[in-house]
Structures are given as structure tokens and as C-alpha cells.
Amino acid sequence: MNQTAKPWLKQYPDDVKTEIEVPDITLNELFEQAVDRFPKHDALSFYGLTTRYQELSGQINRFASALQQDGIKKSDRIALMLPNCPQYIISYYATLKIGATVTQVNPMLVERELEFLLNDSGAETIVIYDAVYPVLKKIQANTAVKNVIVVSLVPNEKTFEPDRKFETVLESGTGQLKKPDINPKKDVAILQYTGGTTGRSKGAMLTHRNIVANTLQVTEFFKHSSEFGKESILTVLPLFHVFGMTSCMNYGLYLGAKLILLPRFEVEEVLNTVKKEQPSFFPGVPTMYIAIANHPDAENYNIDSIRTCNSGGSAMPLEVMKKYEAKTGAQVLEGYGLSETSPVTHANPAFAERKPGSIGIPLPSTEYKIVDIATGKEEMSDGEEGEIIIRGPQVMKGYWNMPEETEKTLRDGWLYTGDIARMDEDGYAYIVDRKKDMIIASGYNIYPREVEEVLYLHPSIVEAAVIGVPDQYRGETVKAVVVLKEGETANSEAIIAHCQKYMAAYKVPKLVEFREELPKSTVGKILRRSVREAETAGKAGS
């Protein structure tokens, strides 16, 4: 079948639009529509503390005005280094309201990683969780950060002078704003950092229009699964991650849903929260569903309130999906997205056939093609593998200060994902492989080169290659294959402890293999692919 015929369109029923109009507005204007419709509805629930839509809107306005009083202006970057909590959402929407740019920061980053990200973004303001405040203070002098706002999730008498507490800043706001002149199509709302094959993180520039578009696309696509003002969303996906940002926060708040916020995934806490709050929608990654499916008493937590689960981050094993659905009665709809696409591009529909193992069909106003890997120009036939490329209003403006990378990735209006996929005759897509070497563990993207650079800092290591190996719980886990310098000795524990000093815990190798040599090309380049293939062959043989 000719892919230009868009075979996925036949899956759409008459009451679901295949194309949507993206209004020339900001995300805050979209949020205010929900405030007008549902002012007294609960917007947030956080460990017993609830916040209504009207109240949340007032908090956002106060914090936004406080930021303006601090001299923060349009296009300034504000880093958010927080777990899921009401302060995250207030800071995020307040930043966008004054036309500044949210720089998303994973709270698990260590000093070296944080320093790079702050310097690359040029952020002068950061809203930070008090538990990771010491990490910032060790490297702040090497950055442009001069305005630090500290969030405490439990009562804390500690002072952070000369820095300020979040509550102090919020109380200082008048709520009176100087309205910035925002161009939704051009102005950058979010800097969403993603890894790179060179080891350097890239900041995907998502405009206001990008995130408004993706919010509306998700809303239209899941209209058979949700109802305005009636839903509650279990929000345990991290909001600093683009998946949680859209599928939980932006979508949920536009829908008038209640966001049930949890700062981390711990299966007992999640199940107790489900029993108490009775969420209807649970976006997550397979490791979360695996933990619930394998919990011996999961059925005793009234988990049948969950109707829909939107799974992303990595492939969902079929047997896990069956077990999870049997326990919960929920429907798991697998999808696909990228930081560069705000992020959702595909999902299995609730309104048509669900094909386990596929990422489904494109969202409204989204097109995709499978093209040859060599040139990226020739469309492949049904069932043939190639690179998946995407076009739609959710596709990023480009990479922050990286014109060459932008040019490679955005070509003739299409985003080249680097992922290998195939399309079936019904227009459903199947991811065959990922960006050349990327590892996905518990939904987090891990780039081997970055881990290898840390390994090379170890005084005993002469060569290193990092690969992903299958893991029943995490999907994949990180394995380091290393060669020691002649005469040097080291064990796995020492190598792992070394890595823990320099990178976030989810990136640290869980397995270490020692070899006398690594496979190389004729020019001496270590062939990571050969290491991975040998690992696969060894597992198959055993």
C-alpha cells in the first residue's frame, strides 16, 4: 500500500477528528478555560492537601507576579528541579504566563550533569527541591544562577539565606501581571533536554503552540475514554519528563481532571493512594504496571477504578499486559512519543482495534512515514523496516543553540526520529529498534556514550563499552563491558561506586563485565554494536 494514502485514517470513527485546529493561544489560556468551567472542582491532590482550580489559578498568578517583581522577563530561562508536587505545577504555569521558558531538570542529576544543563540553558533562576539543594550549591558559582527558590515538602525550619523559600516568594506576589507579548508559534515555552549520541544533552525547543497542540491532540484522541470535569489522573510519572508533562499535567488540567500527585513510584504507596483516591486514568511506564501486576494483594486495593492506562517509554510485554488487565480491569493503550514532539505522536486507540506490540496510529493532525535508512527519502512498503519520520504541529522548533543537529533532525518539514519501525496495512506502527544505541530503563533514556565517559574517568579502565541488556522489571538495564589497564585491578563494586559519584542513579551500570579486549573497526573505533550482538548471542546460547 502507498503510505501517502494514510491508511490509519480509516480507523477513525466519524465523531473523532482526524485534523484539529490549533488556536493561536498559550497553554495558560487553555488552562483558564478549565478554571472558568470548573472553578470549584479539585485540581490537585497531594497527600491529603487539595487545591481547587480557582485557587490554583490564583497561586499561579501570584507566583508569576513575584517572578516579574524579581525582574524576570520574557524568554528568560527558569530551571525547575522538583519532584511531583503542587509547587511544580505553580512554577511551571507561572513561568509560561510571564513568557519565560521552563527548563526541565531531573532532580536525580548529580553536580556534573546539573552544571552542564544550567550553563547550556543559561538559566539565572531555579526553583529547587530542598533535598537536592546541596547539589546546586556545590556548582552554583560555575553557573549564571543568581535567583534560587527552595521548595520544602515537609515542614522545615532550615534557612536557605540568601536564597528564599517558595512560600515567601508566593506570598510576595500581588497577582497583578504585566502581560507579555507572546507569539505562540515562535516563542519557546519549554526546554526539554534529551540525550545525544555524542554524549551532550540537547535542549528540544517546544513552543507554546507545540504544547497546546499536543494537549488538544491527546484530548481529541482519547475523547472516548474521558469526560471533561469527571476524571482523576494518577500522576506518578515525573512531570519533568515530557511524557508526564503532557499526558498527566497539561492534558489533565485542560480536561478539568483532578491530578493525584505522587513524587515517586513505590508500589505500596501507589496502591494505597489508588484505594483512597480511586483514579480513573493512569499513564505510566511498563515497570510500574509490572510492579502492580506482580503484587500479591493488588486486587484488595480497589484498583478496578482505573479504566485507562496510557503506556509509554518502552515496549509493554504482552504477558504483563494480560496479567495487569486481568487484575485491574483497565485497558492498556500503548503509545509513542519523543521529547522533540511534545511528546505524543502515536497511540493505540480506544475507538478502534488495539494491536498489542504496536504503538498504534498517529494522533489527529499527525502524519508519519517509514523511509529508507540510507537516504531517508524512499518510502518503504507495508511491513518493510525503515526510519520512522513524523510531521505535525507538536514537532519542536529545533534544538537550543545546535543548528547543525537541528538541520540533521528536521528536514523538509519532517522530524527524523532515528527509530526503526514498520507500518502494517492498517496504518499501525511497530518500533523495531531505537536510536542506534539508546537504552531505556524504567522509561528513562540512557545514552551509552555518557556512561562510557564516566567510566573512562576511572584510573584503572582503558576501554569501555556500555550496552542495554534485558531486565524483567526495568525493561532494560545498563551493562558496562570494560578492559583494565595492564597491571591494574578492580572489581564490579568499585566500578559501580565510581559511577555513582558522577551520574544519576538510573544511569549507573548494574552489571560489569571484564574483558581483555573489545571489538574494534579497522580505524580502531570500539564497536559497541558487536558487544551488544555478542551479549545477545551469549544469552541465546545459554
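Look up a bit, the structure's there.
Here we summarise the structure given alongside this text. Please read all numbers here as calculations on a predicted model, not as lab measurements.

## Some thoughts on empty space enclosed by the protein
No. 1: As enumerated under the stated definition, the model contains one cavity of 30 Å³ or more in all.
No. 2: Its volume calculated, the largest cavity comes out at about 40 Å³.
No. 3: Taken together, F222, S225, S226, E231, Y251, S280, F281, R307 and T308 make up the lining of the largest cavity.
No. 4: Of the residues contributing to the lining of the largest cavity, the split by class is three nonpolar, four polar and two charged.

## Remarks on the packing of helix α1 (residues 27-37) against helix α2 (residues 53-69)
No. 1: Where α1 contacts α2, the axes come no closer than 9 Å and their chain directions differ by 145°. Crossing handedness for the pair α1 and α2: left-handed. Judged by residue contacts, N28, F31, E32, A34 and V35 of α1 engage Y53, Q54, L56, S57 and I60 from α2.
No. 2: Grouping the amino acids of the contact of α1 with α2 by side-chain chemistry returns six nonpolar, three polar and one charged.

## Focus: the environment of A494
No. 1: Tracing the backbone shows A494 in helix α14 (residues 492-500).
No. 2: Take A494: its relative accessible area is 32%, and that puts it in the partly exposed class.
No. 3: For A494 and H458, which are 36 residues apart along the polypeptide, the C-alpha to C-alpha distance reads 9.5 Å.

## A word on the packing of α1 against helix α3 (residues 86-97)
No. 1: Where α1 contacts α3, the axes come no closer than 9 Å and their chain directions differ by 120°. With respect to each other, α1 and α3 are oriented oblique. Facing L27, N28, F31 and E32 of α1, the residues of α3 in contact are Y92, Y93, L96 and K97.
No. 2: Residue classes in the contact of α1 with α3 are distributed as five nonpolar, one polar and two charged.

## Observations concerning the pairing of strand β25 (residues 475-484)
No. 1: Counting buried positions over the 10 residues of β25 gives eight, a clear majority of the element.
No. 2: Bridging between strand β24 (residues 461-471) and β25 involves 10 bridges; their strand directions are antiparallel. Paired with P470 across the two strands is E476, which belongs to β25.
No. 3: Here β24 folds back onto β25, and the loop between the two strands holds three residues.
No. 4: Sheet analysis places β25 next to strand β26 (residues 511-514), joined by four bridges and oriented parallel. Within the sheet, the bridge partner assigned to A480 lies in β26 and is V512.
No. 5: In this region the chain leaves β25, passes through α14 and returns to the parallel neighbour β26; the handedness of that crossover is right-handed.

## Let's talk about the sheet that holds strand β10 (residues 232-235)
No. 1: Taking strand neighbours across the sheet as the criterion, the four strands line up as β2-β1-β11-β10 in an open arrangement whose pairing is mixed. Edge strands, defined here as strands with exactly one partner in the open sheet, are β2 (49-52) and β10. If you compare each strand with its neighbour and ignore which way they point, the axes differ by 15° on average.
No. 2: In this sheet, β2 lies alongside strand β1 (residues 42-46) in antiparallel orientation, the contact comprising four bridges. Residue pairing for β2: L44 is matched across the bridge by T51.
No. 3: In the packing of α2 onto the sheet, the strands contacted are β1 and β2, and the crossing angle to β2 comes to about 85°.

## Comments concerning α3
No. 1: Given a rise of 1.5 Å per residue, 12 residues ought to cover 16 Å, and the 17 Å separating the end C-alpha atoms of α3 matches this to within 8%.
No. 2: In terms of burial, α3 is largely enclosed, as 11 of its 12 residues are buried.
No. 3: Along α3, the residues classified as buried are P86, Q87, Y88, I89, I90, S91, Y92, Y93, A94, T95 and L96.
No. 4: Of the residues trailing α3, G99 is marked for its positive phi of about 80°.

## Concerning the nonpolar core
Within soluble globular proteins, side chains that are nonpolar tend to cluster in buried spots.
No. 1: Counting residues in hydrophobic clusters, the biggest one holds 140 residues, and the most contacted among them are F63, I89, Y92, L253, F282, Y324 and L455.
No. 2: Ranked by residues supplied to this core, first place goes to helix α8 (residues 242-255) with nine residues.
No. 3: If we skip the residues at most four places from it in the chain, F63 touches I90, S91, A94, V127, I149, F166, V169 and L170.
No. 4: If you look at the next biggest cluster of nonpolar residues, it comprises 23 residues, including V132, V150, V188 and Y193.

## Notes on the pattern of salt bridges
Once their charged atoms are close, side chains differing in charge can pair, the charge on each being opposite to the other.
No. 1: All told, the structure shown has 28 salt bridges when counted by the stated rule.
No. 2: In this structure, E266 engages R264 in a salt bridge whose closest nitrogen and oxygen atoms are separated by 3.0 Å.
No. 3: Its relative accessible area of 40% is what places R264 among the partly exposed residues.
No. 4: One connected set of salt bridges, linked through shared partners, spans K10, K355, D424 and D426.

## Notes on the pairing of β1
Walk down a regular strand and you will see the side chains alternate between the two sheet faces.
No. 1: In terms of residue burial, β1 counts as a mostly covered element, since four of its five residues are buried.
No. 2: Direction of pairing for β1 relative to strand β11 (residues 258-261): parallel, over a ladder of two bridges. Bridge assignment links S45 to a residue of β11, and that residue is I260.

## Brief notes about the side chain of H208
No. 1: Examined against the element boundaries, H208 turns out to sit in helix α7 (residues 208-221).
No. 2: For H208, a relative accessible area of 0% corresponds to the buried category.
No. 3: Excluding anything up to four places from it in sequence, H208 contacts T26, L96, I182, P184, D187, V188 and A189.

## Some words on the packing of aromatic side chains
No. 1: In the structure shown here, the tally under the stated rule is 17 aromatic pairs.
No. 2: Ring centres 5.9 Å apart and planes at 75° place the aromatic pair Y251 and F281 in the edge-to-face group. On the criterion of sequence distance, the pair formed by Y251 in helix α8 and F281 in the loop between α9 (267-277) and α10 (286-293) is long-range, its members being 30 residues apart.
No. 3: Of the residues examined, Y251 reaches a relative accessible area of 2% and is grouped as buried.
No. 4: Using a relative accessible area of 7% as the deciding quantity, one classes F281 as buried.
No. 5: Connected via pairs of aromatic rings, a cluster forms that spans Y12, F221, F222, Y251, F281 and F351.
No. 6: The lysine or arginine in question, K275, covers the ring of Y301, its NZ or CZ lying 5.9 Å from the ring centre.
No. 7: Here the guanidinium or amino end of R411 rests over the ring plane of Y416, the centre of that ring lying 3.7 Å away.

Analysis parameters
- Residues numbered from 1 in each chain as written.
- Predicted model: local features only at pLDDT ≥ 70, side-chain atom pairs only at ≥ 80, totals over all residues.
- Heavy atoms only, no water.
- 1 Å grid on protein atoms, 1.4 Å probe; cavity = no way out; pocket = protein on both sides within 12 Å on 5 of 7 lines; lining within 4 Å.
- Points joined across faces, edges and corners; volume = space filled by probe spheres on them.
- Nonpolar A, V, L, I, M, F, W, Y, C, P; charged D, E, K, R; others polar.
- Axes fitted to C-alpha atoms, helices over the stretch in contact; angles between N-to-C directions.
- Helix = DSSP H or I, 4+ residues; strand = E, 2+ residues; numbered from the N terminus.
- Left-handed = near helix turned anticlockwise from the far one by under 90°.
- Contact = heavy atoms within 4.5 Å.
- Buried < 20%, exposed > 50% of the residue type's maximum accessible area, 1.4 Å probe, protein only.
- Parallel < 35°, antiparallel > 145°, perpendicular 65-115°, else oblique.
- Pairing = 2+ DSSP bridges.
- Right-handed = clockwise from strand over helix to strand, strands pointing away.
- Expected span 1.5 Å × (residues − 1).
- Core = buried A, V, L, I, M, F, W, Y, C linked by side-chain atoms within 4.5 Å.
- Salt bridge = Lys/Arg side-chain N within 4 Å of Asp/Glu carboxyl O.
- Phe/Tyr/Trp six-rings, centres within 6.5 Å; stacked < 30°, edge-to-face > 60°.
- Lys NZ or Arg CZ within 6 Å of the ring centre and 35° of its normal.

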